[in-house]
Amino acid sequence: MGDLLLGQVLRFDGDPFADGEGVARHESHGAVLVQNGRIADAGPADRLRTAHPQARITDYGRALISAGFVDAHVHYPQTAMIASWGKRLIDWLNLYTFPEEMRFGDPAHAADIANRHLDLTLAHGTTSVCTYATIHPASVDAYFTAAKARGQRVWAGKTCMDRNAPEGLRDTPQSAYDDSRALLQKWHGVDRLSYVITPRFSPTSTPEQLAALGALWREHPDCLMQTHLSEQTDEIAWVQALFPQSRDYLDTYEAQGLLREGAVYGHAIHLTARERARLIEAGASLVHCPTSNTFIGSGLFDMGLARSLRVGLATDTGGGSSFSMLRTMAAAYEVAQLNGTALHPAQLWWLATQGSARALHAEDRIGNIAPGMEADLVVIDLASTPAIEQATRRAENIWQALFPTIMMGDDRAIRSVWVAGRER
Ligand code: GUN
Ligand code: ZN
């Protein structure tokens, strides 16, 4: 029994940054068998049809079946303020972000935006998300409640700040520890939900708060810890002034027990040689947020780091300017071009699926099509607009057929989304 999905199928046998694009497996007439919320088999359509004659068939024709997108760094509370004009990071936070996050003291508002964010991201083919909430514990409850109802694998954490934020958006070292711990105990490991310990970034946490969250992480070592690192040069100068005893930005985390495997740092653009070496040595994850880094004017992430570290891809909404991981892949391509490298479509697709899953230490569960993996899938129309259709007409291989959708595609390219083995 089960569902047999027919179409072109794209999956990966390895990491195209380490081993080249040859690790991608493309089946022009392929099939994916879904049973009990998991992928049971994948391969040539002929073989699977013969082997599973009882399965219910959904034929997607020439559309491409892939693992659903994994967005490794977002701020769901910033959904409604996406595309706010004219500011760089610190002014953008003060003018737009903090007033917006203040509204999440109202649980009804948090529930509304949590549902809106999950609806929007699913419509863009994103099946898993790792999000910051706000300072309010109810904002974490709202997101987990909405994701649980949809059966999605998501990560979320209460954003902790005890300085340099307005009254009403500040906690304390003790309340950050207590609230984070209570939320972790309530949600972590429930269904497909994972709690992430979430200090916003060093400018908005005292060393005492970072230390309290470092202690919490030691007590719950299987959790992830997410924060921001070296996004803008002004921010780095501010961190130097706030932490005169620290060797560099990373050291402000390292000194408080917030650097090891399972640490997930967003942005990480302007790194020193010591920071790079320590991040690699510690086995940390970095998340590339290319639409945000250009929109807020932060800088160009060095994708060369993907050869030595777990690197994921993310929209970083609302600093990022799109909910689409296709648009985000396009921005990653453009940023790498400005750094002198043309990323291969296989690398871009891998980053948005398996790379992000790996950055979140979930690559054995999501982000790829393989037996035993959770059946989170996206079905992509490779001719979703006239402009894309005409650009693919002479395509001679899957990469030529896919690249125009990477560069010009949006939610119109999303033909279908499957979450835990059920079509949405
Ligand atoms: N650094 C600290 N907070 C934020 C945020 O909300 N968005 C971005 N892009 N950077 C941050
Ligand atoms: Zn962020």
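Residues numbered from 1 in each chain as written. Chains lettered and ligands numbered in written order. Predicted model: local features only at pLDDT ≥ 70, side-chain atom pairs only at ≥ 80, totals over all residues. Heavy atoms only, no water.

(A) Summary view of the packing of aromatic side chains. For the structure on display, the rule yields eight aromatic pairs. Residues Phe 144 and Trp 187 carry aromatic rings whose centres are separated by 5.3 Å and whose planes lie at 40° to one another, so their mutual orientation is tilted. Here the residue Phe 144 occupies a position in helix 5 (residues 137-150), and Trp 187 occupies one in helix 6 (residues 173-187), the gap between them amounting to 43 residues. Summarising the burial analysis for this pair, Phe 144 and Trp 187 share the class buried. Summarising the aromatic geometry, the rings of Tyr 333 and Phe 403 are spaced 4.9 Å apart at their centres and angled 70° between planes, so their arrangement reads as edge-to-face. In this pair, Tyr 333 is assigned in helix 12 (residues 325-338) and Phe 403 in helix 15 (residues 398-408), connecting sequence segments 70 residues apart. The aromatic ring of Trp 217 is capped on one face by Arg 260, whose charged end is 3.7 Å from the ring centroid. (Phe/Tyr/Trp six-rings, centres within 6.5 Å; stacked < 30°, edge-to-face > 60°. Helix = DSSP H or I, 4+ residues; strand = E, 2+ residues; numbered from the N terminus. Buried < 20%, exposed > 50% of the residue type's maximum accessible area, 1.4 Å probe, protein only. Lys NZ or Arg CZ within 6 Å of the ring centre and 35° of its normal.)

(B) View of the site of ligand 1. The environment of ligand 1 is made up of 13 residues, and the closest members are His 75, Gln 78, Arg 200, Glu 231 and Asp 316. Note that an oxygen atom of ligand 1 is positioned 3.5 Å from one of the side-chain N or O atoms of His 75. The fraction of the free accessible surface of ligand 1 (280 Å²) that becomes covered by protein chains is 100%. Examining the composition of the shell around ligand 1, we find that three residues originate from one element, helix 3 (residues 89-102), more than from any other. (Near = heavy atom within 4 Å. Polar contact = N/O pair within 3.5 Å; in protein donor to acceptor, adjacent residues only side chain to side chain. Areas by Shrake-Rupley, 256 points an atom, 1.4 Å probe, with all protein chains shown as cover.)

(C) View of the packing of helix 5 against helix 6. Running from N to C, helix 5 and helix 6 cross one another at 15°; their axes reach a closest spacing of 10 Å. In terms of their interaxial angle, helix 5 and helix 6 are classed as roughly parallel. Relative to helix 6, the crossing made by helix 5 is right-handed. Side by side, helix 5 and helix 6 meet where Pro 137, Val 140, Asp 141, Phe 144, Thr 145 and Lys 148 of the first sit next to Asp 179, Leu 183, Lys 186 and Trp 187 of the second. Considering only residue class, the contact of helix 5 with helix 6 consists of five nonpolar, one polar and four charged. (Axes fitted to C-alpha atoms, helices over the stretch in contact; angles between N-to-C directions. Parallel < 35°, antiparallel > 145°, perpendicular 65-115°, else oblique. Left-handed = near helix turned anticlockwise from the far one by under 90°. Contact = heavy atoms within 4.5 Å. Nonpolar A, V, L, I, M, F, W, Y, C, P; charged D, E, K, R; others polar.)

(D) Spatial organisation of the side chain of Ser 230. Here Ser 230 shows up in the loop between strand 10 (224-229) and helix 8 (233-242). Note on Ser 230: relative accessible area 1%, which makes it buried.

(E) Focus on the environment of Glu 261. Within the element layout of this structure, Glu 261 appears in the loop between helix 9 (249-254) and strand 11 (263-267). It is 9.8 Å that separates the C-alpha atoms of Glu 261 and Arg 310, two residues lying 49 residues apart in sequence. Not counting residues up to four positions away in its chain, the partners in contact with Glu 261 are Trp 217, Ala 282, Gly 283 and His 361.

(F) Spatial organisation of the environment of Ala 359. Mapped onto the elements of the fold, Ala 359 is located in helix 13 (residues 345-359). Looking at Ala 359, the relative accessible area reads 0%, which means it is buried. Spatially, the C-alpha atom of Ala 359 lies 9.8 Å from that of Glu 261, the residues being 98 residues apart in sequence. Discounting residues that sit within four places of it in the chain, Ala 359 has contacts with Val 264, Ser 285, Leu 286, Arg 310, Val 311 and Gly 312.

(G) Here's a closer look at the packing of helix 12 against helix 15. For the pair helix 12 and helix 15, the least separation of the axes is 6 Å and the interaxial angle reads 95°. Regarding the angle of helix 12 to helix 15, the classification is roughly perpendicular. Between helix 12 and helix 15, the contacting residues are Leu 326, Met 329, Ala 330, Tyr 333 and Glu 334 on the first element and Phe 403, Thr 405, Ile 406 and Met 407 on the second. For the contact of helix 12 with helix 15, the per-class residue count stands at seven nonpolar, one polar and one charged.

(H) The arrangement of the pattern of salt bridges in detail. If you walk through the whole model with that rule in mind, you get 26 salt bridges. Two residues, Asp 191 and Lys 148, come together in a salt bridge whose shortest N-O distance is 3.6 Å. Here Asp 191 is found in the loop between helix 6 and strand 9 (193-199), whereas its partner Lys 148 is found in helix 5, with 43 residues between them in sequence. For the salt bridge of Arg 278 with Glu 254, the shortest nitrogen-to-oxygen distance reads 2.8 Å. (Salt bridge = Lys/Arg side-chain N within 4 Å of Asp/Glu carboxyl O.)

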